[in-house]
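Below are the chains, spelled out letter by letter.
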Amino acid sequence: MITIAVDGPAASGKGTLSRQLAAHFGLHYLDTGSLYRAVGLKALNEGIDLAEENTVARIAAELDDDILDDPRLREPGVGEAASKVAMLTGVRNALLNYQREFAQRHPGAVLDGRDIATVVCPDADVKLFVTASVAERARRRYKELLQTDPLVKLEDIQAEIERRDARDCSRSAAPLHQAEDAHLLDTTNLDIETAMNAAVLLVKKAMAQQDLN
Ligand code: DC
């Protein structure tokens, strides 16, 4: 059994890296941001005030797997709503068990998010903190969104990322920060292949360590 925790800010490349790591080692993969996005999307659809803790927490507790495949989850407005509902302790608590149970799936799992190494899986075998400069993250997200929306503007994307960073890092409930025992992977000047090679080495080292114990 191996658990790999990957945290980092919006559009840092943690999702791509985590998905590839899971495929490489034959592990399950959970994008925990999609859970918060699903809660945000449902609340928006139902016209619920995003600060209404009890109502939004109920949505989180009753979340259905189907909505996790909704393409609207990737929209910038939904990312922003996700970041708002993620401030609520009731919402975070409602999503905690699902994430912890997922981490127990055999033969192991990669989970990415903001608080995986610090709160969800503090005993993870490998902890990665993936980041990149704001300008680089905005450029990557812009390129991705341009494929479906030719009118998207780089400065709007950068402003949205900065707002989310500020909210995700300063909230009182499980704020984003690098765990003491997490390895920092700054991908500002790294392509995905180089970042992946570095991550694979760290995971192999942890696996060798497990074999020794
Ligand atoms: O990783 P993402 O951009 O899809 O996440 C969307 C929002 O969800 C993010 O701005 C903050 C929140 N989130 C969180 O608070 N904790 C997590 N483990 C994952 C996401």
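The structure displayed is predicted, hence computed values, not measured ones.

Conventions used here
Residues numbered from 1 in each chain as written. Predicted model: local features only at pLDDT ≥ 70, side-chain atom pairs only at ≥ 80, totals over all residues. Heavy atoms only, no water. 1 Å grid on protein atoms, 1.4 Å probe; cavity = no way out; pocket = protein on both sides within 12 Å on 5 of 7 lines; lining within 4 Å. Points joined across faces, edges and corners; volume = space filled by probe spheres on them. Helix = DSSP H or I, 4+ residues; strand = E, 2+ residues; numbered from the N terminus. Nonpolar A, V, L, I, M, F, W, Y, C, P; charged D, E, K, R; others polar. Buried < 20%, exposed > 50% of the residue type's maximum accessible area, 1.4 Å probe, protein only. Pairing = 2+ DSSP bridges. Near = heavy atom within 4 Å. Polar contact = N/O pair within 3.5 Å; in protein donor to acceptor, adjacent residues only side chain to side chain. Areas by Shrake-Rupley, 256 points an atom, 1.4 Å probe, with all protein chains shown as cover. Axes fitted to C-alpha atoms, helices over the stretch in contact; angles between N-to-C directions. Parallel < 35°, antiparallel > 145°, perpendicular 65-115°, else oblique. Left-handed = near helix turned anticlockwise from the far one by under 90°. Contact = heavy atoms within 4.5 Å.

Participant: Got a minute to help me understand the layout of surface pockets in this structure?
Facilitator: Vacant regions in the atomic arrangement are exposed by a probe of water-molecule size rolled over the atoms. Here the largest pocket is characterised by a volume of approximately 770 Å³. Lining the largest pocket are 37 residues, and of these Ala11, Lys14, Gly15, Arg74 and Arg141 sit closest to its centre. Taken together, the elements giving at least two residues each to the lining of the largest pocket come down to helix 1 (14-25), strand 2 (28-31), helix 2 (33-45), helix 4 (76-85), strand 3 (108-113), helix 7 (134-146), helix 8 (154-170) and helix 9 (192-212). In terms of residue count, the dominant contributor to the lining of the largest pocket is helix 1 (five residues). The residue makeup of the lining of the largest pocket, split by class, is 11 nonpolar, 10 polar and 16 charged. Approximately 230 Å³ is the volume attributed to the second largest pocket. In terms of lining, the second largest pocket is formed by Pro71, Arg74, Glu75, Pro76, Glu144, Leu145, Gln147, Thr148, Asp149 and Val152. Split into classes, the residues belonging to the lining of the second largest pocket amount to four nonpolar, two polar and four charged.

Participant: I tried to follow the pairing of strand 4 (residues 126-131) on my own but got confused; where do I start?
Facilitator: Two faces make up the sheet, and in a regular strand the side chains alternate between them. Most of strand 4 is tucked away: six of the six residues are buried. Residue alternation in strand 4 divides its side chains into two sets, Val126, Leu128 and Val130 and Lys127, Phe129 and Thr131, and both sets are buried. Examined bridge by bridge, strand 1 (residues 2-7) and strand 4 share four bridges and lie parallel to one another. Within the sheet, the bridge partner assigned to Ala5 lies in strand 4 and is Lys127. As paired strands, strand 4 and strand 5 (residues 183-186) are joined by four bridges and run parallel to one another. Within strand 5, the position partnered with Val130 by the bridge is Leu185.

Participant: Would you mind going over the site of the ligand with me for this structure?
Facilitator: The environment of the ligand is formed by 15 residues, the closest being Arg37, Arg92, Arg114, Asp168 and Arg171. Take Arg114: an N or O atom from its side chain is 2.8 Å from an oxygen atom of the ligand. Taking Arg164, its side chain carries an N or O atom lying 2.8 Å from an oxygen atom of the ligand. When the ligand is considered free in solution it has 450 Å² of accessible area, and contact with the protein chains removes 98% of it.

Participant: I tried to follow the packing of helix 3 (residues 53-61) against helix 5 (residues 89-103) on my own but got confused; where do I start?
Facilitator: For any two helices packed against each other, the geometry is given by the interaxial angle and the distance between the axes. At a minimum axis distance of 8 Å, the contact between helix 3 and helix 5 shows a crossing angle of 15 degrees. If you check the angle between helix 3 and helix 5, you find them roughly parallel. Remark: the crossing between helix 3 and helix 5 carries right-handed chirality. Across the interface between the two elements, Glu53, Val56, Ala57, Ala60 and Ala61 from helix 3 touch Thr89, Gly90, Val91, Ala94 and Leu95 from helix 5.

Participant: Would you explain the environment of Thr188 in this entry?
Facilitator: Mapped onto the fold, Thr188 is located in the loop between strand 5 and helix 9. Along the sequence, Thr188 and Thr32 sit 156 residues apart, while their C-alpha atoms lie 23 Å from each other. In this structure the side chain of Thr188 is engaged in a polar contact, spanning 2.6 Å, whose partner is the side chain of Asp186.

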